[in-house]
Amino acid sequence: AMATGHGEYASVQQLRRWEVPKGNVRLDQTLGSGHFGLVVKGFLKSEQATQVVAVKMLKGNADKQQKKEFLDELELMKTMVPHPNIVGLIACCTKSDKPFIIVEYCSLGNLRDYLLSSRGSVIYANLAANSLTLTCSDLLSFAWQCARGMSYLANHKLVHRDLAARNVLMGDGQVCKISDFGLARDVYRTKQYLKMGKAPLPLRWMAIESIFEGVTTTKSDVWSFGVLLWEIVTLGAIPYPAMSKDEVIEQLRIGYRMTKPSFCSDELYAIMWQCWQTDPESRPTFLELGKTLHRLKTAQK
Ligand code: ACK
């Protein structure tokens, strides 16, 4: 029943007219820039109102393959039913040789920077709060929302391959949205990737089988989700602190996993640990992760 329902909805999505005239888009400041693409804040005018949006585009040096991937990303987004925890498509302009993909603008930036900026104001006990304060319950809510977004991608048979706090964006009202799925990772930004051969790899987020065998599946996304949980409880620390890239690779190989961060409950650490099982099939599903995190969040309140 799920599949049929989705199929019907997807076709409604496909019938929607996404194309808008480029003249209706006004570009503002650049939000981020990578080797071959950039993301710019913009304003999209329609009959009813003007909306703040994020506009993705390629740079002049992008080659044929990148152009194809860019348009594939757009086609993929068109088929996806909107979900609160996924950055959604709003419109596109494809009638010129510099196409735009127009998506929801996430006003609070990426989750990692958000966590970093909250440092020093997290309340670990239920003390008084000011507006910048995050509570344990907020952190569990972020984790739960990410699990829901990932569960949705997994149901669509989409492997993210680059799940990390930097790729989770925050919309108004602290809504976490998974971004940058289904495209060449390196396109829109350059930070945090290790060059290995031609492809940039987010080594510290990668599952053991992705590092050693180049395999990426939903189960390797689950591993990355465990690292994302670790980033959330450490308020944006870099995984495997004090270890070099080579050390990370060697230590993982001999069975080492990150230790329990301070302020992390045993329950939450147990979830990370499950995500980092060597056997991918022993890791939980995103559905299970969502349920467990929701339970922890409810118990916290
Ligand atoms: O980490 P950031 O501040 O958030 O820098 C990157 C940059 O553009 C390249 O990806 C930002 N960005 C991407 N998509 C959006 C969006 N939909 N809303 C707001 N910022 C975005 C991202």
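Criteria and thresholds
Residues numbered from 1 in each chain as written. Predicted model: local features only at pLDDT ≥ 70, side-chain atom pairs only at ≥ 80, totals over all residues. Heavy atoms only, no water. Pairing = 2+ DSSP bridges. Helix = DSSP H or I, 4+ residues; strand = E, 2+ residues; numbered from the N terminus. Axes fitted to C-alpha atoms, helices over the stretch in contact; angles between N-to-C directions. Parallel < 35°, antiparallel > 145°, perpendicular 65-115°, else oblique. Left-handed = near helix turned anticlockwise from the far one by under 90°. Contact = heavy atoms within 4.5 Å. Nonpolar A, V, L, I, M, F, W, Y, C, P; charged D, E, K, R; others polar. Polar contact = N/O pair within 3.5 Å; in protein donor to acceptor, adjacent residues only side chain to side chain. Core = buried A, V, L, I, M, F, W, Y, C linked by side-chain atoms within 4.5 Å. Buried < 20%, exposed > 50% of the residue type's maximum accessible area, 1.4 Å probe, protein only. pLDDT = per-residue confidence, 0-100.

Here we take up the sheet that holds strand β3 (residues 50–58). Spatially, the five strands line up as an open sheet ordered β1-β2-β3-β5-β4, and their pairing is antiparallel. Among the strands making up the open sheet, the edge pair consists of β1 (25–33) and β4 (89–93). On average, each strand axis in the sheet is tilted by 30° relative to the strand beside it, whichever way the strands run.

We now examine the packing of helix α4 (residues 136–155) against helix α6 (residues 218–233). Put simply, α4 and α6 touch, their axes get as near as 11 Å, and they point 165° apart. Our classification of the angle between α4 and α6 gives roughly antiparallel. The element α4 and its partner α6 pack so that their crossing is right-handed. Listed contacts from α6 to L139, F142, A143, C146, A147, M150 and A154 of α4 are T218, D221, F225, L228, L229 and I232. Residue classes in the contact of α4 with α6 are distributed as 11 nonpolar, one polar and one charged.

Here H83 lies in the loop between α2 (64–79) and β4. Separated by 58 residues in the primary sequence, H83 and S141 place their C-alpha atoms 16 Å from one another. Excluding residues within four positions of it along the chain, H83 makes contact with R148, G149 and Y152. Side-chain polar atoms of H83 contact the backbone nitrogen of N85, separated by 2.9 Å.

A few words on the nonpolar core. One finds L111, F142, F225 and L293 to be the most contacted residues of the largest nonpolar core, which totals 59 residues. Those residues in contact with F225, other than ones at most four positions away along the chain, are A143, C146, A147, L163, C275, F286, L289 and L293.

Quick look at the confidence of the model for the protein now. For the protein, mean pLDDT is 87; residues scoring 70 or higher make up 84% of the total. Every residue in residues 126–131 is under pLDDT 50, and counting partners more than four places away or in other chains gives one contact. Both scores are given for the predicted complex: the pTM is 0.88, the ipTM 0.97.

The next thing to look at is the side chain of R166. For R166, the position within the fold is in the loop between α4 and β8 (168–171). For R166, the side chain forms a polar contact with the side chain of D162, separated by 3.1 Å.

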